Amino acid sequence: MTVIERFLKYVTFDTQSDDSTSVTPSTAKQMVFAQYLKNELETLELEDISLDEHGYLFATLPSNIDREVPTIGFIAHLDTSPDMTGANVQPRIVKNYDGKDIALCQEDNIILSPKQFPELLSHKNEDLIVTNGHTLLGADDKAGIAEIIGAMAYLKAHPEIKHGKIRIGFNPDEEIGLGAHKFDVEKFGAQWAYTMDGSEVGELEFENFNAAMAKIIIKGRNVHPGYAKDKMINSQLIANRLITLFPANETPETTTGYEGFFHLIGVQGSVEETTLSYIIRDHDIQKFEARKAFITSTVDQLNKDLGQELIFIEMKDQYYNMRSKVEPLMHIIDIAFAAMKEIGIEPLVKPIRGGTDGAQLSFKGLPCPNIFAGGLNFHGRYEFVPIQSIEKAMAVIVKIAEMTANRY
């Protein structure tokens, strides 16, 4: 089975995660996919295969050399984003893309166009896997899973490529920020690892946002509107007032690179009570702390202006910038950088405007930078992945394994 055949099979599994269930995995369907993959790894005759009750699937490709070299790992996640349905995914291959609009669904006029997504033009004359316009695709991160398993199958079929012990790991619930929470780093047993969860070809990332979430709860008082004078407190209007106090030029749609932001991701409200859900992001830890302090002081001041405490905050950190954990071990970046160069890929070292399981794993003792998996426009109907990008990512895994062995 080719890496592309694997990918096309994997996306047929609906594996959306769900942040409302409080169990791991957050959805039973992720375990269905994990069990399928376990059977596939057994067919490939990998060793030390284990699937625990929380949906963490580990396996080993044994070393084929007679000297000690570091055990390395490759990791990807089972789940797809809750942002759009992953049920009944129907991938289609657009061969030799010509740079023009792609009709994902002609009937509903759903068009993937380079006018809205100019990155398409970087992949002219390549073969693109697209959706039917009604689901996400699932390249985030089933492309990563296909690339890892494809690379292990390739290394088994080519024993002339020398490598040390390689551990692979597939975990649930990355998309809801919980993928690393029950990841047993000691059991995994690698000295370092790479998540295959990036986007465009060449991406190599060891910096990510520091991240927190804030839930702001605003209490109101509802009375009959005909008799509301000096009695009603409309929590929705207070929420609107609070939203306008946030800096308008520090949102996801107005920032790039290392710039942080406040992102209002949800509003639920009535006169009686309104909840605002924010995520807070910044690469710089001091600016990150300042952002959290801004929310607290802004709420305190508005409560003071209202003359009573009507606004309450629940805020918690989610993950931190992995740079501080990876930078002292830059040889793991150097190997990935050299591997890409060796196979003709220009490395694109850049900060992640988001987070990966690798960030949390790095703080749990498993340094874990992130490498491209090839997909673009994640989490929605316009997601696509070039076939050539998947093949290149698989080749990078093989080359990292080989170069790690050669280095030691």
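Anything mentioned here points back to the structure above.
What comes next concerns the included structure. (Residues numbered from 1 in each chain as written. Predicted model: local features only at pLDDT ≥ 70, side-chain atom pairs only at ≥ 80, totals over all residues. Heavy atoms only, no water.)

A separate point is the overall build of the chain. Counting its secondary structure elements, the chain contains ten helices and 17 strands. Against the globule reference of 22 Å for 408 residues, the chain gives a C-alpha radius of gyration of 23 Å, in line with a compact fold. Here the C-alpha coordinates of the chain stretch approximately 85 × 50 × 40 Å along the principal axes. Burial statistics for the chain: of 408 residues in total, 54% are counted as buried. Restricting the contact set of the chain to residue pairs at least 6 apart, pairs at least 24 apart contribute 79%. For the chain, the exposed surface amounts to about 17900 Å²; the carbon and sulfur share of it is 50%. Across the chain, the centroid of the 39 positively charged side chains sits 2 Å from that of the 58 negatively charged ones. (Helix = DSSP H or I, 4+ residues; strand = E, 2+ residues; numbered from the N terminus. Rg over C-alpha atoms; globule rule 2.2 N^0.38 Å. Buried < 20%, exposed > 50% of the residue type's maximum accessible area, 1.4 Å probe, protein only. Contact = heavy atoms within 4.5 Å. Areas by Shrake-Rupley, 256 points an atom, 1.4 Å probe, with all protein chains shown as cover. Lys, Arg positive; Asp, Glu negative; His and termini not counted. Charge placed at Lys NZ, Arg CZ, Asp CG, Glu CD.)

One open sheet accounts for four strands, arranged E12-E13-E11-E14; its pairing is antiparallel. Edge positions in the open sheet fall to strand E12 (261–269) and strand E14 (311–319), since each of these has one partner strand only. Taking the axes of each pair of neighbouring strands and ignoring which way they run, one obtains an average angle of 15° across the sheet. In this sheet, E14 lies alongside strand E11 (residues 210–219) in antiparallel orientation, the contact comprising eight bridges. By the bridge assignment, Ala212 is partnered in E14 with Asp317. Relative to strand E13 (residues 273–282), helix H5 (residues 235–243) is tilted by about 20°, and along the sheet it contacts E11, E12, E13 and E14. Packing against the sheet, helix H6 (residues 285–306) makes contact with E11, E12, E13 and E14, and its axis sits at approximately 170° to E14. (Pairing = 2+ DSSP bridges. Axes fitted to C-alpha atoms, helices over the stretch in contact; angles between N-to-C directions.)

A separate point is the nonpolar core. Counting 66 residues, the largest nonpolar core has Phe7, Phe170, Ile371 and Ile400 as the members making the most contacts within it. In terms of residue count, helix H3 (residues 139–157) provides more of this core than any other element does, ten residues in total. For Phe170, the residues in contact, after removing those within four places along its chain, are Leu37, Gly55, Tyr56, Leu57, Ala76, Leu78, Ile145, Ile148 and Ile149. (Core = buried A, V, L, I, M, F, W, Y, C linked by side-chain atoms within 4.5 Å.)

Turning next to the environment of Ile311. Considering the arrangement of structural elements, one finds Ile311 in strand E14. Take Ile311: its relative accessible area is 2%, and that puts it in the buried class. A C-alpha to C-alpha distance of 58 Å links Ile311 and His163, two positions 148 residues apart in sequence. With sequence-adjacent residues up to four places away left out, Ile311 is seen in contact with Ile216, Ile217, Ile218, Ile238, Leu242, Val299, Leu302, Asn303 and Leu306.

It is worth spelling out the packing of aromatic side chains at this point. This model, assessed by the stated rule, comprises 17 aromatic pairs. Between Phe74 and Tyr194, the ring centres sit 5.8 Å apart and the planes meet at 25°, which makes this aromatic pair stacked. One end of the pair, Phe74, is in strand E3 (residues 72–77); the other, Tyr194, is in strand E9 (residues 192–198), and 120 residues separate them in sequence. Like Phe74, the residue Tyr194 is buried in the burial classification. Each ring, one from Phe209 and one from Phe261, has its centre 5.3 Å from the other, and the planes form 85°; the classification is edge-to-face. Linking Phe209 in the loop between strand E10 (203–205) and E11 with Phe261 in strand E12, this pair joins segments that are 52 residues apart in sequence. Here Phe209 matches Phe261 in class, with each residue buried. Ring pairing ties together the aromatic residues Tyr10, Phe13, Phe33 and Tyr36, which thus form one cluster. Positioned over the ring face of Phe33 is Lys142, at 5.3 Å from the centre of the ring. (Phe/Tyr/Trp six-rings, centres within 6.5 Å; stacked < 30°, edge-to-face > 60°. Lys NZ or Arg CZ within 6 Å of the ring centre and 35° of its normal.)

For the rest of this paragraph, the subject is the pairing of strand E5 (residues 102–105). Note that E5 and strand E6 (residues 110–112) share three bridges and pair antiparallel. Within E6, the residue paired with Ala103 across the bridge is Ile111. Counting the residues in the hairpin turn of E5 and E6 gives four residues, including Asn109, whose phi is positive at 55°.

To continue, consider a nonpolar patch on the surface. On the surface, a nonpolar cluster with roughly 250 Å² of combined accessible area is contributed by Ile285, Tyr320 and Phe363. Within the secondary structure, Phe363 is located in helix H9 (residues 357–363). A relative accessible area of 36% places Phe363 in the partly exposed class. (Patch = residues over 30% accessible without salt bridge, like charges linked within 9 Å, V, L, I, M, F, W, Y side chains within 5 Å. Salt bridge = Lys/Arg side-chain N within 4 Å of Asp/Glu carboxyl O.)

It is worth spelling out the sheet that holds strand E15 (residues 348–349) at this point. Whether parallel or antiparallel, the strands of a sheet pair through hydrogen bonds between backbone atoms. Spatial strand order, E1-E2-E8-E3-E9-E16-E10-E15: eight strands in an open sheet with mixed pairing. Looking at the sheet topology across the chains shown, the edges are occupied by strand E1 (47–51) and E15. Pairing of E10 with E15 involves two bridges; the strand directions are parallel. Paired with Leu204 across the two strands is Val349, which belongs to E15.

Okay, H6 next. Spanning 22 residues, H6 covers 32 Å between terminal C-alpha atoms, matching the ideal 32 Å at 1.5 Å per step. Three or more residues of H6 are buried, namely Phe288, Arg291, Lys292, Ile295, Thr298, Val299, Leu302 and Asn303. Each buried residue of H6 sits inside an arc of 130° when the element is viewed along its axis, so together they form one side. Projecting away from the buried face of H6 at angles above 90 degrees are the exposed residues Gln286, Lys287 and Lys304. With a side-chain oxygen lying 2.9 Å from the backbone nitrogen of Gln286, the N-terminal cap of H6 falls on Asp284. Trailing H6 by a residue or two, Gly307 shows a phi angle of about 80°, which is positive. (Expected span 1.5 Å × (residues − 1). Arc of directions from axis to C-beta. Polar contact = N/O pair within 3.5 Å; in protein donor to acceptor, adjacent residues only side chain to side chain.)

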